[in-house]
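Listed here are the chains, written in short residue letters.
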Amino acid sequence: MRCGYAEAVTFPVVGMVGGGQLARMTHEAGIPLGIRFRLLADTPQDSAAQAVRDVVVGDHRDLGTLRDFARGCDVVTFDHEHVPTDHLRALEADGMPVRPGPGALEHAQDKGIMRARLDALGVPCPRHRIVQDPADVAAFAAEVALADGAAGPDGAGTTEGAGFPVPVVLKTVRGGYDGKGVWVVRTTGEAAVPFRAGVPVLAEEQVDFARELAACVVRSPHGQAVAYPVVESIQVGGVCDTVIAPAPGLPGDEAVTAQELALRIAQELDVVGHLAVELFETRDGRVLVNELAMRPHNSGHWTQDGAVTSQFANHLRAVLDLPLGDPRPRARWTVMANVLGGDYPDMYPAYRHLMARDPQLKIHMYGKDVKPGRKVGHVNTYGDDLDDVRERAAHAAGYLRGTVNE
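Computed from a prediction, not measured in an experiment: that's the story for all the values here.

Comments concerning the overall build of the protein chain
When helices and strands are counted, the protein chain shows 12 helices and 17 strands. Its C-alpha atoms give the protein chain a radius of gyration of 22 Å, near enough to 22 Å, the size a compact globule of 406 residues would have. Seen along its three principal axes, the alpha-carbon backbone of the protein chain occupies a region of about 80 × 55 × 45 Å. Looking at the 406 residues of the protein chain, the share that counts as buried comes to 52%. In the protein chain, the proportion of contacts linking residues at least 24 apart, taken out of those at least 6 apart, comes to 61%.

A short note on the confidence of the model for the protein chain
Predicted coordinates in regions of low pLDDT should not be interpreted in detail. Averaged over every residue, the pLDDT of the protein chain is 93; the share at 70 or more is 94%. Taken as a whole, residues 1-7 scores under 50 in pLDDT and shows one contact with residues more than four places along the chain or in a different chain. Contacts from residues 154-160, a stretch scored under 50 in pLDDT, to residues over four places away or in other chains number 14 contacts.

Details of the packing of helix α1 (residues 21-30) against helix α10 (residues 311-319)
The N-to-C vectors of α1 and α10 enclose an angle of 75 degrees; their axes lie 8 Å apart at closest approach. Classified by the angle their axes make, α1 and α10 are roughly perpendicular. Of α10, the residues touching α1 (which contributes Leu22, Met25, Thr26, Ala29 and Gly30) are Phe312, Ala313 and Leu316. The residue inventory of the contact of α1 with α10, partitioned by class, reads six nonpolar, two polar and no charged.

Observations concerning the pairing of strand β15 (residues 333-340)
Most of β15 is tucked away: eight of the eight residues are buried. Burial along β15 is two-sided: the face carrying Trp333, Val335, Ala337 and Val339 and the face carrying Thr334, Met336, Asn338 and Leu340 are both buried. Of the strand pairs in this sheet, strand β12 (residues 239-245) and β15 are connected by four bridges, and their pairing is antiparallel. Residue pairing for β15: Ile244 is matched across the bridge by Val335.

Details of unusual backbone geometry
In this structure, the amide linkage connecting Arg99 to the following residue, Pro100, adopts the cis form with an omega of 0 degrees. Tracing the sequence through the fold places Pro100 in the loop between α3 (85-93) and α4 (102-109). With an omega of -10 degrees, the peptide bond running from Ala245 to Pro246 counts as cis. Look at Asp270: it is not a glycine, yet its phi comes out positive at around 60 degrees.

Observations regarding the pairing of strand β2 (residues 36-41)
Looking along a regular strand, one sees side chains alternate from face to face of the sheet. By the criterion of burial, β2 is predominantly enclosed, with five of the six residues buried. Note that the unit made of strand β1 (residues 13-17), α1 and β2 has a crossover that is right-handed. Sheet topology places β2 next to strand β3 (residues 54-57); four bridges connect them, and they run parallel. Bridged to Leu39 within β3 is Val55.

Concerning α4
Three or four residues apart is the spacing at which side chains of an α-helix point the same way, because the helix has 3.6 residues per turn. Counting buried positions along α4 gives seven out of eight residues, so the element sits mostly inside the fold. Among the residues making up α4, those that are buried are Pro102, Ala104, Leu105, Glu106, His107, Ala108 and Gln109. Residues of α4 that are buried make contact with β4 (75-78), α3, α5 (111-120) and β14 (287-293).

Conventions we followed
- Residues numbered from 1 in each chain as written.
- Predicted model: local features only at pLDDT ≥ 70, side-chain atom pairs only at ≥ 80, totals over all residues.
- Heavy atoms only, no water.
- Helix = DSSP H or I, 4+ residues; strand = E, 2+ residues; numbered from the N terminus.
- Rg over C-alpha atoms; globule rule 2.2 N^0.38 Å.
- Buried < 20%, exposed > 50% of the residue type's maximum accessible area, 1.4 Å probe, protein only.
- Contact = heavy atoms within 4.5 Å.
- pLDDT = per-residue confidence, 0-100.
- Axes fitted to C-alpha atoms, helices over the stretch in contact; angles between N-to-C directions.
- Parallel < 35°, antiparallel > 145°, perpendicular 65-115°, else oblique.
- Nonpolar A, V, L, I, M, F, W, Y, C, P; charged D, E, K, R; others polar.
- Pairing = 2+ DSSP bridges.
- Right-handed = clockwise from strand over helix to strand, strands pointing away.

As structure tokens, then:
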């Protein structure tokens, strides 16, 4: 029994590489726990750098910078997947806990590695192949069409501008996000574009999906894991626009299957921290894994106000190997809508109207300069009537952006 303090109580320092909004909100979740936070940011103006006291400005691609940064931390985690894998292995060799570790994180860094490992585990994915040139893309399209019994246009083949029998999705294996590094191509001419960067390219079938889902789980080093409700993620122009928790109309057994799939992936890949498994729900009733993200994720922002324990708080608990918090929802429905930059750079004057119209509205802004199409914040709404909750979220996000004026 502890009846006094013989010496000063110390709390761990969590180092987060990356200064974006995910780091900003993770820091916020650690404040009530007394967790100290250290940040490696690109610039002092980064979203999280505006809120965190202990900030190191430097290049996450430089091993010396990473080592200097890590010396002041008890554990290192990330708000993006772009740190070179070899650098993370070097930090581990130095004795620094890196969570998730490089062996797990490389599956979120490299789509080719991810697809190969998921194939080996028997996880359902879109048909895919690493391709070498536009002719290889054309051959892949022909194979998909043949398997599906699809007839292609006359002249489909490898000549410049020739049409494919089916569209193909091309992705750079590293570095893509929010629709960047992704192309839907229908001709060999279009297929030539991704190869100009000189990096490996992954070809995937274009899935005829009914909607996109996300299954988010959190796993700790000692193997405890929790699963959040499966959500529907609505994309606009390759960028997440709205998240509905839980996914409307998803049968209970299918939701459990998706959660079990995410938990299995987390265990097999030895993920520590938050894992978002982005899914396609196909029109013929299948669920396919699209992408993995091993960090807090846009599909989990609803948990800040809609779950007993947010994704950010549970990510911190996991990387510190603390017992995980309750992931259950607080309300029947929660809707998150991203606030994208528009024609109105000063969003603060909109607060008076929004707060008066909807006192339950939760606004989360990232401290970013407003640029058209840029994620600068999000709003959360919740309640028992899904139509009402969706309308309130869409109105608030639109009013902040300037596309709604009443």
